[in-house]
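Okay, here's what each chain looks like letter by letter:
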Amino acid sequence: ARTTSAPDLPTLLEAKVGCLLHRLVNDVEGAKKDVDELRRSFPDYVRGWLWVSELEARNGNIDGAVDALTSYLEKRPDDAYALYQRARHHVSRGRISAAVADLEATKRTSPTALDLQPRVYLANVHLRAGRRDLWIQELEALVKDAPTAATAIEELAKAYLLEKRY
């Protein structure tokens with residue numbers, strides 16, 4: 001592990017990785033080298049797991065991405081972004097109950113996190129699983145939690161229209 005007098009060095013390396021993975025650059029190999037360096041030099045820098053997950057997912061290793069997010073969440077169990085990402089990966093693997101558990105955890109700890117994306121996704125997971133009642137209930141709860149959020153109101157209005165509840 002690297003010892004340094006520059007405490008922001010891991011953050012700078014992380015920013016470089018973000019730039020390398022930007023859609024206009026898309027240098028996955030370069031990013032992988034820097035993520036490996038980040039993990040090797042700063043093993044206690046927990047955000048490195050988020051980048052490992054991103055790289056695993058981009059390389060099609062969804063189970064590896066889930067494992068990396070799980071390692072991150074062991075240190076930061078309430079991180080809404082990590083829970084949301086892991087839930088999305090779980091859905092892609094057909095693990096609906098695991099996805100719902102992650103999305104419910106996000107809802108409990110940060111009910112309006114990430115511009116309501118996890119909550120809308122939770123509602124849609126219920127819909128795709130054929131649980132229309134839970135879909136509507138989640139959207140109604142979302143409007144109660146974020147009554148001025150256009151996204152929440154629009155999603156509930158669309159659901160009511162689809163269900164002919166007007």
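For the structure itself, consult the block above.
The rules behind these values
- Residues numbered from 1 in each chain as written.
- Predicted model: local features only at pLDDT ≥ 70, side-chain atom pairs only at ≥ 80, totals over all residues.
- Heavy atoms only, no water.
- Helix = DSSP H or I, 4+ residues; strand = E, 2+ residues; numbered from the N terminus.
- Polar contact = N/O pair within 3.5 Å; in protein donor to acceptor, adjacent residues only side chain to side chain.
- Contact = heavy atoms within 4.5 Å.
- Phe/Tyr/Trp six-rings, centres within 6.5 Å; stacked < 30°, edge-to-face > 60°.
- Lys NZ or Arg CZ within 6 Å of the ring centre and 35° of its normal.
- Buried < 20%, exposed > 50% of the residue type's maximum accessible area, 1.4 Å probe, protein only.
- Core = buried A, V, L, I, M, F, W, Y, C linked by side-chain atoms within 4.5 Å.
- Axes fitted to C-alpha atoms, helices over the stretch in contact; angles between N-to-C directions.
- Parallel < 35°, antiparallel > 145°, perpendicular 65-115°, else oblique.
- Left-handed = near helix turned anticlockwise from the far one by under 90°.
- Nonpolar A, V, L, I, M, F, W, Y, C, P; charged D, E, K, R; others polar.

**Q** Would you mind going over the side chain of aspartate 34 with me for this structure?
**A** Looking at the secondary structure, you find aspartate 34 in helix α2 (residues 28-41). A polar contact of 3.2 Å, which involves the side chain of aspartate 34, links it to the side chain of lysine 16. Aspartate 34 has contacts with Leu13, Lys16, Val17 and Leu20, leaving out every residue within four places of it along the chain.

**Q** Please explain the packing of aromatic side chains as it appears in this structure.
**A** Two aromatic rings, taken as a pair, are described by how far apart their centres are and by the angle between their planes. Per the stated rule, a full pass over the model turns up one aromatic pair. Considering the side-chain rings of tyrosine 84 and tyrosine 121, the 5.8 Å spacing of their centres and the 85° angle between planes classify their relative orientation as edge-to-face. Note that tyrosine 84 is positioned in helix α5 (residues 80-92) and tyrosine 121 in helix α7 (residues 117-128), a separation of 37 residues in sequence. Over the face of the ring belonging to tryptophan 49 we find arginine 39, whose NZ or CZ atom lies 4.1 Å from the ring centre.

**Q** Sorry, what's going on with unusual backbone geometry here?
**A** Excluding glycine, residues mostly have negative phi values, and the peptide bonds linking residues are mostly trans. We note that aspartate 115 has phi near 55°; this positive angle belongs to a residue other than glycine. Judged by its relative accessible area of 66%, aspartate 115 falls in the exposed class. In this structure, leucine 116 takes a positive phi of about 70° despite not being glycine. Looking at where leucine 116 falls in the secondary structure, it is placed in the loop between α6 (96-109) and α7.

**Q** I'm lost on the side chain of glutamate 14 in this one. Help?
**A** Note that glutamate 14 resides in helix α1 (residues 9-21). Ignoring anything within four residues of it in the chain, the contact list for glutamate 14 reads Tyr45, Arg47 and Trp51.

**Q** Teacher, can you tell me more about the nonpolar core here?
**A** Nonpolar side chains in soluble globular proteins tend to end up buried together. Val17, Leu21, Ala31, Val35, Leu38, Trp51 and Leu55 are the most contacted members of the largest nonpolar core, which totals 14 residues. If you list the elements that add at least two residues to this core, you get α1, α2 and α3 (48-58). Those residues within four positions of tryptophan 51 in sequence are excluded, and the remaining contacts are Glu14, Val17, Gly18, Leu21, Val35 and Leu38. Ranked by size, the runner-up nonpolar core spans 13 residues in total, among them Leu116, Ala146, Ala152 and Ala159.

**Q** Would you take a moment to explain the packing of α2 against α3 for this structure?
**A** Helix packing geometry: the angle between the two helix axes and the distance between the axes. Direction vectors running N to C along α2 and α3 enclose 150°, while the axes themselves pass 10 Å from each other. Relative to α3, the element α2 lies roughly antiparallel. Crossing geometry of α2 relative to α3 is assigned as left-handed. Within the contact between the two elements, α2 uses Val28, Ala31, Lys32, Val35, Leu38 and Arg39 and α3 uses Gly48, Trp49, Trp51, Val52, Leu55 and Arg58. For the contact of α2 with α3, the residue count by class is eight nonpolar, one polar and three charged.

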